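Listed below are the residues making up each chain.
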Amino acid sequence: MKLLKKGVYLRVILATLMVLAIFCSVGSAPALAVQKSKADTVSTTDVQFTDIPTAADSIAIRKKAADSAAKTQAAAKQKTQSQKAPSTEKPKTLWQIFIFGLLGGFTAVILPCIYPLLPLTVSFFTKKSGSRQKAIGQSLIYGVSIIIIYVTLGLLISIIFGSDALNQLATNGIFNIFFFLLLIVFGMSFLGAFEITLPSSLANKLDANADKGGLAGIFFMASTLVVVSFSCTGPIIGTLLVDAASKGDRLGPAIGMFGFALALALPFTIFALFPSALKSLPKSGGWLNSVKVVLGFLELAFALKFLSNVDLAYHWNWFDREIFLSLWIAIGLLMGLYLIGKIKFSHDSDVSYLSIPRAFLAIVVFAFVIYMIPGLWGAPLKSISAFLPPEATQDFNLSSIPGGAAAPSSAPAAVIPASIGEKKYANNYTRIKTRGLDSWYDYDQALQVSKATHKPILIDFTGFNCVNCRKMEANVWSDPGVFKRLRDDFVLLQLVVDDKASLDVKDQFVSTYSGKKITTLGGKWSDLEASRFNSNSQPLYVMLDSDGNFLKDATGKDIPTSPADYDIASYTKFLDSGIAAFKK
């Protein structure tokens, strides 16, 4: 894990508050933010790229016969590769999904539906078995049974949806709205509005089978725990499955459930090994319900991210950054007031005094709220920038442009011919535009601009819902040196791969790479990224010359594409290598 040099205090705040909220995406959540962003990218360092001519490339190819042969060869290669190449983005590794499941499982243990069962279950095995060795064996079987049940659930999710469908959920409007509403329901349940329970008849039947004894009896005991505790574990499981299914690997739901079940089963096994340790556990009480309520607030905060995803991808343009922040601030304030006992719900116990854990958690919550407030006026809030809507959605922004708003460009002003026309699709991307940078959004048009201005092209394959893209823009592009290079030395071409805007009928086509009909603008750029650059993750940065060819380094080799790189020095070196190659 790569530790960030700055903002340690703020990241501690974020990690404490957003244990569940980090299941989003982020990909770059606190647990992810300290890691080099390989989880959100696909390395292409060792890939040998083959230029595949496009409509714009053919302008630069002088011999028609050579052009035709190249296209024929490329189409054959694409047809072969289409069986191997992944079709969707994989922003999280299985290890990360497992860790999130583990955190969710440990959180579930301290909820009121499970925590009181720890001493009861361990005592049952100890007394019924007659010997310590047998009790340990039965508790192990009990724990393994819990793992089997939850992993089976995760596998069923994978089988039902399939790998393609799982990853396409990330930008699907219907599913994002469904996830938003689902998490609102989970949050309300944790706050005490109602309980999400499975049919009591199922619990009674499993409980009756648990009396049979033997391995089957122990398995049914574990099943009974799963069913009875569903009112507490359901929202956590649902949140985990939503995240793993929409932004994970095909096996993501199963791996997430394995981590969750492992954390849930460990306490039962450990306390069976050391039953005397049960005496050191805090007694059950009102604090267990307080844990549920805090998780309920976090569920509500997490739900807003899914609503923001839909707003951006479908160009609703009403869920601005300050609205998002205002809701998070309000949720944070309510959580802090709840922790210090100033507000309570009908099912809460009275807080006669402020305990030390509550005091420390309240301090963290209020500090996080104070940290977010300047964001209402445009403060970048780099520590949580990956979660927030882009800064371009901010109606009132007092933050400065890197290097100063009036900083003159060191590059001579380039005249863009009128024949190039207005920027295509620019109106689609006003909400993700980086202030001070003049971006283009069409590949063929960018080639023409590059020839007119004598600048290399930097392609930024990005997305409305790409958390690592937002983090790169907030943490790396904001560096004055990087910003100056992007502004002065490149034709910045941003291709948004999850744009749902429909292509004109005349522009729709059947991909020679995937064999699918491309009907959306985002699908067009996603197909270009996969077919030509052998990648499907965002962000991906590619440097080309004015003819659409890869820039070459001093040894004559193509300069490779670059995934997200949060090391400013390293990213600057990448940009400088392209600038030097183009000047040659």
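Refer to the structure printed above.
How each quantity is defined
Residues numbered from 1 in each chain as written. Predicted model: local features only at pLDDT ≥ 70, side-chain atom pairs only at ≥ 80, totals over all residues. Heavy atoms only, no water. Helix = DSSP H or I, 4+ residues; strand = E, 2+ residues; numbered from the N terminus. Buried < 20%, exposed > 50% of the residue type's maximum accessible area, 1.4 Å probe, protein only. Contact = heavy atoms within 4.5 Å. Areas by Shrake-Rupley, 256 points an atom, 1.4 Å probe, with all protein chains shown as cover. Core = buried A, V, L, I, M, F, W, Y, C linked by side-chain atoms within 4.5 Å. Salt bridge = Lys/Arg side-chain N within 4 Å of Asp/Glu carboxyl O. Axes fitted to C-alpha atoms, helices over the stretch in contact; angles between N-to-C directions. Parallel < 35°, antiparallel > 145°, perpendicular 65-115°, else oblique. Nonpolar A, V, L, I, M, F, W, Y, C, P; charged D, E, K, R; others polar. Polar contact = N/O pair within 3.5 Å; in protein donor to acceptor, adjacent residues only side chain to side chain.

A closer look at the overall build of the protein
Per the secondary structure count, the protein includes 20 helices and seven strands. Scored against the burial criterion, the 584 residues of the protein give a buried share of 52%. The contacts of the protein with a sequence gap of at least 6 include a subset with a gap of at least 24, amounting to 76%. Carbon and sulfur atoms provide 64% of the accessible area of the protein, an area that totals close to 26200 Å².

Section: the nonpolar core
Counting residues in hydrophobic clusters, the biggest one holds 73 residues, and the most contacted among them are Tyr142, Ile146, Tyr150, Phe260, Trp328 and Ile384. Per element, the largest residue contribution to this core is 14 residues, and it comes from helix H13 (residues 286-313). Look past the residues within four positions of Phe260 in its chain and what remains in contact with it is Gly101, Leu102, Gly104, Gly105, Ala108, Tyr150, Thr233, Ile236, Ile237 and Leu240. Membership of the second largest hydrophobic core comes to 30 residues, among which are Ile432, Ala446, Val449 and Leu493.

Observations concerning the pattern of salt bridges
Where charged atoms of side chains with opposite charge meet at close range, the side chains can pair. On inspection of all chains with the given rule, the structure shows 11 salt bridges. A salt bridge links Asp350 to Lys344, with the shortest nitrogen-to-oxygen separation between them at 2.2 Å. Among the residues examined, Asp350 registers a relative accessible area of 63% and is labelled exposed. The class for Lys344 is exposed, based on a relative accessible area of 51%.

Considerations on the packing of H13 against helix H14 (residues 321-339)
At their nearest, the axes of H13 and H14 sit 11 Å apart, and the two run at 180 degrees to each other. Compared by their axis directions, H13 and H14 come out roughly antiparallel. Facing Asn289, Ser290, Val293, Val294, Phe297, Leu298, Leu300, Ala301, Leu304, Lys305 and Ser308 of H13, the residues of H14 in contact are Phe324, Leu327, Trp328, Ile331, Leu334, Met335, Tyr338 and Leu339. Each residue belonging to the contact of H13 with H14 can be placed in one class, and the counts come to 15 nonpolar, three polar and one charged.

Observations concerning helix H16 (residues 443-453)
Buried within H16 are the following residues: Tyr443, Gln445, Ala446, Leu447, Val449, Ser450 and Thr453. Capping of H16 at its N-terminal end is provided by Asp442; its side-chain oxygen lies 3.4 Å from the backbone amide nitrogen of Asp444. Remark: His454 follows H16 within two positions and exhibits a positive phi of approximately 60 degrees.

What about unusual backbone geometry?
That bond from Gln538 to Pro539 is cis: its omega, 0 degrees, falls within 30 degrees of zero. Mapped onto the fold, Pro539 is located in the loop between helix H19 (521-533) and strand E6 (540-544). In this structure, Tyr425 is a non-glycine residue whose phi angle is positive, near 65 degrees. Tracing the chain through its elements places Tyr425 in the loop between helix H15 (356-372) and strand E1 (439-440). For His454, which is not glycine, the phi dihedral falls at a positive 60 degrees. Mapping His454 onto the fold places it in the loop between H16 and strand E2 (457-462). Assessed through its relative accessible area of 61%, His454 is described here as exposed.

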